[in-house]
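The primary structure of each chain is shown beneath.
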Amino acid sequence: MDERSRISDLVAIARDFDLDALRVRVDGRTYELRLREPNVAPPPAAAASPSPAPAALGEPSRGLVPSASMRPVAAPIIGVFYRSAAPGSAPFVDLGDRVAVGQVLCILEAMKLMNEITSDHAGVVTRILPENGALVSLGEEMFWIEP
């Protein structure tokens with residue numbers, strides 16, 4: 001398959017799944033497509049009935065004020081957020097856990113691929129923002145880590 005056909009196929013996939021961006025590694029090459037500007041607001045989501053969640057877990061970042069030393073971990077891709085490797089298994093990290101650089105924090109599933117997301121920072125997990133099974137957007141904050 002030539003380069004132009006491969007890129008056309010990737011654009012078609014991104015449009016079929018209404019993706020803002022797509023990053024794929026094929027035969028040792030990485031292709032990254034951005035179909036929308038990252039600052040464009042997504043369409044409003046349908047209102048869901050609120051369910052109680054533990055403090056700092058699954059809370060949207062709106063209204064929360066991080067400390068100056070807090071380090072966010074943002075989604076590098078669009079995908080479904082999973083806290084553990086399999087349903088019923090222990091989460092990779094919990095609130096209050098100390099994490100090291102390179103430690104797995106969660107999995108993002110994108111197009112049937114499970115992508116382990118690791119920490120770029122060492123410290124203590126103080127917030128886990130998305131709910132397990134929620135769709136996260138490119139650049140959306142998922143964890144707050146305090147050194």
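Cut-offs and rules
Residues numbered from 1 in each chain as written. Predicted model: local features only at pLDDT ≥ 70, side-chain atom pairs only at ≥ 80, totals over all residues. Heavy atoms only, no water. Core = buried A, V, L, I, M, F, W, Y, C linked by side-chain atoms within 4.5 Å. Buried < 20%, exposed > 50% of the residue type's maximum accessible area, 1.4 Å probe, protein only. Helix = DSSP H or I, 4+ residues; strand = E, 2+ residues; numbered from the N terminus. Contact = heavy atoms within 4.5 Å. Lys, Arg positive; Asp, Glu negative; His and termini not counted. Salt bridge = Lys/Arg side-chain N within 4 Å of Asp/Glu carboxyl O. Polar contact = N/O pair within 3.5 Å; in protein donor to acceptor, adjacent residues only side chain to side chain. Pairing = 2+ DSSP bridges. Phe/Tyr/Trp six-rings, centres within 6.5 Å; stacked < 30°, edge-to-face > 60°.

Enquirer: Talk me through the nonpolar core; I want residue IDs and the actual numbers.
Expert: If you look at the biggest cluster of nonpolar residues, it comprises 17 residues, and the most contacted ones within it are Val73, Phe81, Leu105, Leu108, Met142 and Phe143. No other element matches the 4 residues that strand E6 (residues 104–110) contributes to this core. Not counting residues within four places of it along the chain, the set of residues in contact with Met142 comprises Val73, Ala74, Ala75, Phe81, Cys106, Leu108, Ile117, Arg127, Ile128, Leu129, Pro130 and Val136. Membership of the second largest hydrophobic core comes to 8 residues, among which are Leu10, Ala14, Leu19 and Leu22.

Enquirer: Report on the side chain of Glu146, specifying residues and quantitative values.
Expert: Its location among the elements puts Glu146 in strand E10 (residues 141–146). Arg71 provides the closest opposite charge to the buried, salt-bridge-free Glu146, at an N-O distance of 7.8 Å. Polar contacts involving the side chain of Glu146 include one to the side chain of Ser69, which spans 2.8 Å. Excluding residues within four positions of it along the chain, Glu146 makes contact with Ser67, Ser69, Met70, Ala122, Gly123, Val124 and Thr126.

Enquirer: Tell me what's going on with the environment of Val99, and back it up with residues and numbers.
Expert: Positionally, Val99 belongs in strand E5 (residues 98–99). The class of Val99 is buried, set by a relative accessible area of 4%. In this view, Val99 contacts Val93, Leu105, Ser119, His121, Ala122, Gly123, Val125 and Ile145; residues no more than four positions away in its chain are not counted.

Enquirer: If you had to explain the sheet that holds strand E7 (residues 113–118) to someone new, which residues and values would you point to?
Expert: Taken in spatial order, the 4 strands of this open sheet run E7-E6-E4-E9, and their pairing is antiparallel. Each edge of the sheet is formed by a strand with only one pairing partner; in this case those strands are E7 and strand E9 (135–136).

Enquirer: Give a detailed account of the sheet that holds E5, specifying residues and quantitative values.
Expert: Two modes of strand pairing occur in sheets, parallel and antiparallel, and in both the strands are linked by backbone hydrogen bonds. Pairing within the open sheet is antiparallel, and its 4 strands lie in the order E3-E10-E8-E5. What marks the edges here is a single partner per strand, and that holds for strand E3 (71–74) and E5. The sheet contact formed by E5 and strand E8 (residues 123–128) spans 2 bridges and is antiparallel. Its bridge partner being in E8, Arg98 is matched across the sheet by Val124.

Enquirer: Now, about the environment of Trp144: what can you tell me, with residues and values included?
Expert: Its place among the elements puts Trp144 in strand E10. A relative accessible area of 4% means that Trp144 is categorised as buried. As a C-alpha pair, Trp144 and Val124 span 20 residues in sequence and 8.3 Å in three-dimensional space. For Trp144, the side chain forms a polar contact with the side chain of Glu141, separated by 2.7 Å.

Enquirer: Could you give an account of the packing of aromatic side chains, with specific residues and numbers?
Expert: For any pair of aromatic rings, the description consists of the separation of the ring centres together with the inter-plane angle of the planes. In the structure shown here, the tally under the stated rule is 1 aromatic pair. Both rings, one in Phe81 and one in Phe143, keep their centres 5.8 Å apart while their planes meet at 50°; by these two values the pair is tilted. Taken together, the positions of Phe81 in strand E4 (residues 79–82) and Phe143 in strand E10 put the pair 62 residues apart, joining distant regions of the chain. When sorted by exposure, Phe81 lands in the same class as Phe143, which is buried.

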